[in-house]
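Chain by chain, the residues:
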Amino acid sequence: MANDKNLKITFCSGAGTVTGSNFLLEGNGKKFLIDCGLVQGEKFIDDLNWNKFSYDASTIDILFISHAHIDHIGRIPKLIAEGFNGKIVSTIPTKEITEVMLADTAHLLSKDIENGLDKIYTKENIEKAMSLWETIEYGQKLNVDHGFQFSYKDAGHILGSGMLEIIYNDKKIVFTGDLGNSPSPILKDTENITDADYLIMESCYGDRNHEERSERTKKLEKVIMDNYKREGTLMIPVFSLERTQEILYEINNMVEGGKIPKMPIFLDSPLAIKLTALYRKYEKYFNPQALKIINSGDDVFSFLGLKFTEDTEDSKAILRVPNPKIIMAGSGMSNGGRIIHHEKNYLPNKNDTILLIGYQAIGTLGRLIVDKVKKVKILGEDLVVKANVVEISGYSGHKDSDNLINFVENTAKTVRKVFIVMGEPRASMFLSQKLRDNLNVDTYIPETGEEVMIEC
Ligand SMILES: [Zn+2]
């Protein structure tokens, strides 16, 4: 048991890997979890998610959620199933987005009787989680007995995303969650942290830089026009959350600015359609430029040619729509969802194009495509990829290596140690070395399951 001045962090998962964010902070008789996410990889949901948690869920006081991506929230129903009865705290949009995301995952898992997932991902467990949930605004302080204070700063990663700041014994500990690739077309920039004592930070792109941000819109426009001239189908595998809304926003500006001609554009994802409605609802969290366009009367998620295909029949009918056309569908890493049906149809055709705009985890079909692997298997069928493969890294939702370093630089004077998590080992190690060399800060890369004491 820690003494009053020290806190213990256990890196339960999300160390040495990008997904599965789940950290335990304990001390002075209190236990807090930060995130409770799914481990993802080759399978949308890795089997090891269903191992028992390393802690007793019933003893946790509060679960804080950084943002509503499934690799940060996906094991909440399991936490409930293992007896969690504390509070869950997040920003307002995060709670609402989580409810949609968990319901969607429950639907995916409802037939998984083998692993007993139908018993974990139940409607009752999700409802129970929602009933335990409290929300706070960015900057609002939540005081918890035994001397803890919590608040969120805008991480600029997805709608509602927050960095969790914890003050204990006049020391500041910050869990970054995922850090946004600011400036985003829609969201506000990541807020600065200038006075942290300890940082627990993500490192997804720790070893790589994205291309110039000013180039991304031009590149997207070029991919769309090239496909238009070729009279092909352009597939864009999208993450339903944030990437979809950003791309819709960008295409909206292109169509209404007369930069691209009208053509059929499908948002073929029931989940993305639901989440887009939530973005509309929470426009107040958008950045000033986006708000200016909205206040001028433009619906930024609607334009000529755009069709939302919620029903399966409408989705299937896309195949019969003449080219040129654009299909946006999930999942973003092509490890499930409607996009794989489209990929099966169009990847073997040299006139068609697949545009990858997000992180592709090792083991996913998306990773094979981006690595230019020619022979792939989709829905049990072997096929040869002849379609054009284009990547625009500027739309990534994560800060790149240089921007992660800039982020830490703001607090380099005060930070005692930077714990580097949520990255593949190479990315974490590269970032660690850069932080040491460039900023002279102390860093540490914990392993999954490792416990560390921090002095407060
Ligand atoms: Zn995320």
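(A) Representation of the state of the cysteines within the structure. Under the defined criterion, the tally for this structure stands at zero disulfides. Cys 36 supplies the cysteine sulfur nearest to Cys 204, a cysteine that is in no disulfide, at a spacing of 20 Å. As a non-bridged cysteine, Cys 456 has Cys 12 as the owner of its nearest cysteine sulfur, 18 Å distant. Relative accessible area serves as the criterion here: at 9%, Cys 456 is assigned to the buried category.

(B) How the structure looks around the side chain of Asn 227. Examined against the element boundaries, Asn 227 turns out to sit in helix H6 (residues 213-230). Residue Asn 227 is classed as buried on the basis of its relative accessible area, which comes to 0%. A polar side-chain atom of Asn 227 sits 3.3 Å from the main-chain amide nitrogen of Thr 233.

(C) Representation of the packing of aromatic side chains in the model. The final tally for this structure, using the stated rule, is 18 aromatic pairs. Centre to centre, the rings of Phe 32 and Phe 64 are 6.2 Å apart; their planes meet at 55°, and the pair counts as tilted. In this pair, Phe 32 sits in strand S3 (residues 30-34) while Phe 64 sits in strand S4 (residues 62-64), placing the two residues 32 residues apart along the sequence. Assigned by exposure class, Phe 32 and Phe 64 land together as buried. Pairing Phe 53 with Tyr 55 gives two aromatic rings, centres 5.1 Å apart and planes at 15°, and the pair type is stacked. In this pair, the class of Phe 53 matches that of Tyr 55, namely buried.

(D) Looking closely at the pattern of salt bridges. Enumeration according to the criterion identifies 28 salt bridges in this entry. Of the charged contacts, one joins Lys 8 and Glu 26 as a salt bridge, the two residues approaching to 3.8 Å between their closest N and O atoms. Remark: Glu 26 occurs in strand S2 (residues 22-27) and Lys 8 occurs in strand S1 (residues 6-13); sequence separation between them is 18 residues. Between Lys 344 and Glu 381 there is a salt bridge; the shortest N-O distance is 3.7 Å. On the criterion of sequence distance, the pair formed by Lys 344 in helix H11 (residues 339-346) and Glu 381 in strand S18 (residues 381-384) is long-range, its members being 37 residues apart. A residue is classified by how much of its surface remains accessible, and Glu 381, at 40% relative accessible area, is partly exposed. Three or more residues are tied together by salt bridges with common partners; here these are Lys 153, Glu 165, Lys 172 and Asp 195.

(E) Looking closely at the coordination of the zinc ion. Coordination of the zinc ion by the protein is provided by His 67 (NE2), His 69 (ND1), His 157 (NE2) and Asp 178 (OD), with metal-donor distances spanning 2.2 Å. Relative to the metal, the four donor atoms surrounding the zinc ion lie at angles of 92 to 164°, and the coordination shape comes out irregular. Sequence spacing among the residues donating to the zinc ion works out to H-x1-H-x87-H-x20-D. Highlighted residues: His 157 in the loop between strand S8 (148-154) and strand S9 (162-168) and Asp 178 in the loop between strand S10 (171-175) and strand S11 (198-202), separated in sequence by 21 residues.

(F) Quick look at the packing of helix H3 (residues 92-109) against helix H8 (residues 270-281). Contact geometry for H3 and H8: axes closest at 10 Å, N-to-C directions at 175°. Classified by the angle between their axes, H3 and H8 sit roughly antiparallel to one another. For the pair formed by H3 and H8, the contact residues are Glu 96, Ile 97, Val 100, Met 101 and Asp 104 on the first element and Leu 271, Lys 274, Leu 275, Leu 278 and Lys 281 on the second. Of the residues assigned to the contact of H3 with H8, the class counts are six nonpolar, no polar and four charged.

(G) View of the sheet that holds strand S12 (residues 233-237). In spatial order, the strands read S14-S13-S15-S12-S16-S19; together these six strands make up an open sheet with parallel pairing. Because the sheet does not close on itself, it has two edges, and the strands there are strand S14 (306-308) and strand S19 (388-391). Looking at each pair of strands side by side, their axes are set apart by 20° on average, direction ignored. Note: S12 against strand S15 (residues 325-329), five bridges, orientation parallel. Residue pairing in the sheet places Ile 236 in a bridge with Met 328 of S15.

(H) Layout of the packing of H6 against helix H7 (residues 243-256). Interaxial distance between H6 and H7 falls to 11 Å at its minimum, and their mutual angle equals 75°. As summarised for this structure, H6 and H7 are arranged roughly perpendicular, according to the angle between their axes. Residues Thr 217, Leu 220, Glu 221 and Ile 224 of H6 pack against Ile 247, Glu 250, Ile 251 and Met 254 of H7. For the contact of H6 with H7, the per-class residue count stands at five nonpolar, one polar and two charged.

(I) The pairing of S18, seen in detail. Two strands pair when backbone bridges link them, and strand S17 (residues 375-378) and S18 are joined in this way by four bridges, in the antiparallel orientation. By the bridge assignment for S18, Lys 377 is matched with Asp 382. Hairpin geometry of S17 and S18 is characterised by an intervening segment of two residues between the two adjacent antiparallel strands and by a positive phi of about 50° at Leu 379.

(J) Representation of the environment of Asp 47 in the model. Checked against the element boundaries, Asp 47 lands in the loop between S3 and S4. For Asp 47, a relative accessible area of 40% translates into the label partly exposed. Asp 47 sits 30 residues away from Pro 77 along the chain, and the two C-alpha atoms are 15 Å apart.

(K) Structural view of the pairing of S9. Among the seven residues in S9, six count as buried, and that is most of the element. One ladder, built from seven bridges, connects S8 with S9; its direction is antiparallel. In the sheet register, Asp 154 faces S9, and the bridge partner there is Gly 162. Where S9 lies against S10, five bridges are found, and the strand directions are antiparallel. Bridge assignment links Glu 165 to a residue of S10, and that residue is Val 174. Connecting S9 to the antiparallel partner S10 that follows it, the hairpin turn spans two residues, and Asn 169 within it adopts a positive phi of roughly 60°.

Definitions and limits used
- Residues numbered from 1 in each chain as written.
- Predicted model: local features only at pLDDT ≥ 70, side-chain atom pairs only at ≥ 80, totals over all residues.
- Heavy atoms only, no water.
- Disulfide = S-S within 2.5 Å.
- Buried < 20%, exposed > 50% of the residue type's maximum accessible area, 1.4 Å probe, protein only.
- Helix = DSSP H or I, 4+ residues; strand = E, 2+ residues; numbered from the N terminus.
- Polar contact = N/O pair within 3.5 Å; in protein donor to acceptor, adjacent residues only side chain to side chain.
- Phe/Tyr/Trp six-rings, centres within 6.5 Å; stacked < 30°, edge-to-face > 60°.
- Salt bridge = Lys/Arg side-chain N within 4 Å of Asp/Glu carboxyl O.
- Donors = N, O, S within 2.8 Å, 3.2 Å for Na, K, Ca; no water.
- Tetrahedral: all angles 85-135°; square planar, octahedral: opposite > 155°, others 65-115°.
- Axes fitted to C-alpha atoms, helices over the stretch in contact; angles between N-to-C directions.
- Parallel < 35°, antiparallel > 145°, perpendicular 65-115°, else oblique.
- Contact = heavy atoms within 4.5 Å.
- Nonpolar A, V, L, I, M, F, W, Y, C, P; charged D, E, K, R; others polar.
- Pairing = 2+ DSSP bridges.

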